[in-house]
Structures are given as C-alpha cells and as structure tokens.
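This is what each chain is made of:
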Amino acid sequence: DHAVLTARCIMDPFPVYQKLLPETRRAVTHVTVDSGRLLDALSIANPMAKQAPTAAGVVTVTVTPEDNQVTVESSASDVGDTAVDIPAVSVKGEYIQFDANLLFLAAAVKSAACERVELWFTTPEAPVLVTGFGSAGYKAVVMPVRVSR
C-alpha cells in the first residue's frame, strides 16, 4: 500500500536526437499520401506479411512517380501475394522500393494523427522519415528491413 518514488535531476544536456532523423533536404523521394488509405493498404497486406517464412511482418512499399502511386506488397511463398495500389496526393523524386516492418510503419502513420502523411526516402537501405502533413511537430523514423530477394 506504500510506494516510494525516487527521482533524480540530470544536469547534462539532452542528447542531440535530431542527428538521428533523416534530413528532408537529402530525400531522393518525397511522397504525400492519405493516412487512411495507407493504413487500409497495410491492413490488407497484414495477413500475408505475417505468414511470410523468410521475412515475417515485412511489407515492401514502392513509390512510382510516373504513376503517382504507392504500392504496398507482401508475400508468403506457400500462400500467395498481396499488392495494394493507392494514389498519392503528390510524389516528387525517384522510383524507390523500401522494405519495412508492417507494424512499425502502421504505428508511425497512425500516430501522426493527420489526414495525410509525408514519407521522406533517401535510399532503400536508410530509414524513412514519416511526418504529419502540415504538422511540423510530428516526426517518426521507420528503419528498413533487409530482405533477400
């Protein structure tokens, strides 16, 4: 029934976390997409992603600027493949494929709590920065997953 709370004030400066965030100015691909559509696509891809024997829980996000679309794909060799195309609000830059943990990407998009999110890609092997469209305060980093193809 009794609790003891101990606190300690640390006087050191807070770590410079901004160095860990991908820089938007270095992005080779920048896409703005409707949050609800992206979350729906991730939800559709989820059953296949969970059953993939070599990369469980992984989805491939492909941005195709010439088609102004984002494709969310997952596959399980013994069950089948899922690919969901969603129109992007805007795409700037190059074609890119990015493999990510489905749950981490969905959490980043959902936590933005915005109608639209922006995805900032530098390379397929580097983290993607997720920001809320029009919300300067929200930033999330989703790490890539290495998948052998």
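Look above for the structure.
Cut-offs used in this document
- Residues numbered from 1 in each chain as written.
- Predicted model: local features only at pLDDT ≥ 70, side-chain atom pairs only at ≥ 80, totals over all residues.
- Heavy atoms only, no water.
- Helix = DSSP H or I, 4+ residues; strand = E, 2+ residues; numbered from the N terminus.
- Buried < 20%, exposed > 50% of the residue type's maximum accessible area, 1.4 Å probe, protein only.
- Areas by Shrake-Rupley, 256 points an atom, 1.4 Å probe, with all protein chains shown as cover.
- Polar contact = N/O pair within 3.5 Å; in protein donor to acceptor, adjacent residues only side chain to side chain.
- Phe/Tyr/Trp six-rings, centres within 6.5 Å; stacked < 30°, edge-to-face > 60°.
- Pairing = 2+ DSSP bridges.
- Axes fitted to C-alpha atoms, helices over the stretch in contact; angles between N-to-C directions.
- Core = buried A, V, L, I, M, F, W, Y, C linked by side-chain atoms within 4.5 Å.
- Contact = heavy atoms within 4.5 Å.
- Salt bridge = Lys/Arg side-chain N within 4 Å of Asp/Glu carboxyl O.
- Arc of directions from axis to C-beta.

## Quick word on the overall build of the protein chain
Logical step 1: The secondary structure content of the protein chain amounts to two helices and nine strands.
Logical step 2: Mapped in sequence order, the helices and strands of the protein chain form the string β-α-β-β-β-β-β-α-β-β-β.
Logical step 3: Along the three orthogonal principal directions, the C-alpha set of the protein chain runs to about 55 × 40 × 30 Å.
Logical step 4: Residues counted as buried form 40% of the 149 residues belonging to the protein chain.
Logical step 5: If you sum the accessible surface of the protein chain, you get close to 9300 Å²; carbon and sulfur atoms cover 54% of it.

## Brief notes about the side chain of Thr60
Logical step 1: You can see Thr60 is positioned in strand 2 (residues 58-64).
Logical step 2: Within the structure, the side chain of Thr60 is placed 2.5 Å from the side chain of Asp99, a separation counted as a polar contact.

## Quick look at the packing of aromatic side chains
Logical step 1: Taken as a whole and assessed by the stated rule, the structure comprises one aromatic pair.
Logical step 2: A ring pair is formed by Phe98 and Phe121, whose centres lie 5.6 Å apart and whose planes are at 65°; its orientation type is edge-to-face. With Phe98 in strand 6 (residues 96-101) and Phe121 in strand 7 (residues 116-121), this residue pair connects regions lying 23 residues apart in the sequence.
Logical step 3: You can call Phe121 buried: its relative accessible area is 2%.

## Description of the sheet that holds strand 4 (residues 80-87)
Logical step 1: A sheet is described by the order of its strands in space; here four strands give the open sequence 4-3-2-6, paired in antiparallel fashion. Edge positions in the sheet fall to strand 4 and strand 6, since each has one partner strand and no second. Along the sheet, successive strands turn relative to each other by an average axial angle of 20°, direction set aside.
Logical step 2: Pairing between strand 2 and strand 3 (residues 69-76): five bridges, direction antiparallel. Looking at the pairing, Val63 lines up with Val70 of strand 3.

## Looking at the nonpolar core
Logical step 1: Judged by nonpolar contacts, the single largest core of 32 residues is most densely connected at Val31, Leu38, Leu42, Phe121, Val130 and Val142.
Logical step 2: If near-sequence neighbours (up to four positions away) are discounted, Val130 is found in contact with Leu105, Ala108, Val117, Glu118, Leu119, Tyr138, Lys139, Ala140 and Val142.

## Some details on the pattern of salt bridges
Opposite charge on two side chains makes pairing possible when the charged atoms of those side chains draw close.
Logical step 1: On inspection of all chains with the given rule, the structure shows two salt bridges.
Logical step 2: Residue Arg25 pairs with Glu23 through a salt bridge whose shortest N-O separation is 2.7 Å.
Logical step 3: On the accessibility criterion, Glu23 (35% relative accessible area) is partly exposed.
Logical step 4: Among the charged side chains, a salt-bridge network with shared partners connects Glu23, Arg25 and Arg26.

## Here we look at helix 2 (residues 102-112)
Note: α-helices contain 3.6 residues per turn, so residues at a spacing of three or four share the same orientation.
Logical step 1: When we look at burial in helix 2, the residues that qualify are Leu102, Leu105, Ala106, Ala108, Val109 and Ala112. Viewed end-on, helix 2 has its buried residues packed into an arc of 160°, placing them on one side of the element. Turned more than 90 degrees off the buried face of helix 2, the exposed positions are Leu103, Phe104 and Lys110.
Logical step 2: Structurally, the start of helix 2 carries an N-cap: the backbone nitrogen of Leu103 is 2.9 Å from a side-chain oxygen of Asn101.
Logical step 3: After helix 2 finishes, the residue Ala113 shows a positive phi value of roughly 50°.

## Some remarks on the environment of Gln69
Logical step 1: Mapping Gln69 onto the fold places it in strand 3.
Logical step 2: Sequence separation of Gln69 and Ala88 is 19 residues, and the distance between their C-alpha atoms is 4.8 Å.
Logical step 3: Ignoring sequence-local partners within four residues, the contact set of Gln69 consists of Thr62, Val63, Thr64, Asp85, Ile86, Pro87, Ala88 and Val91.

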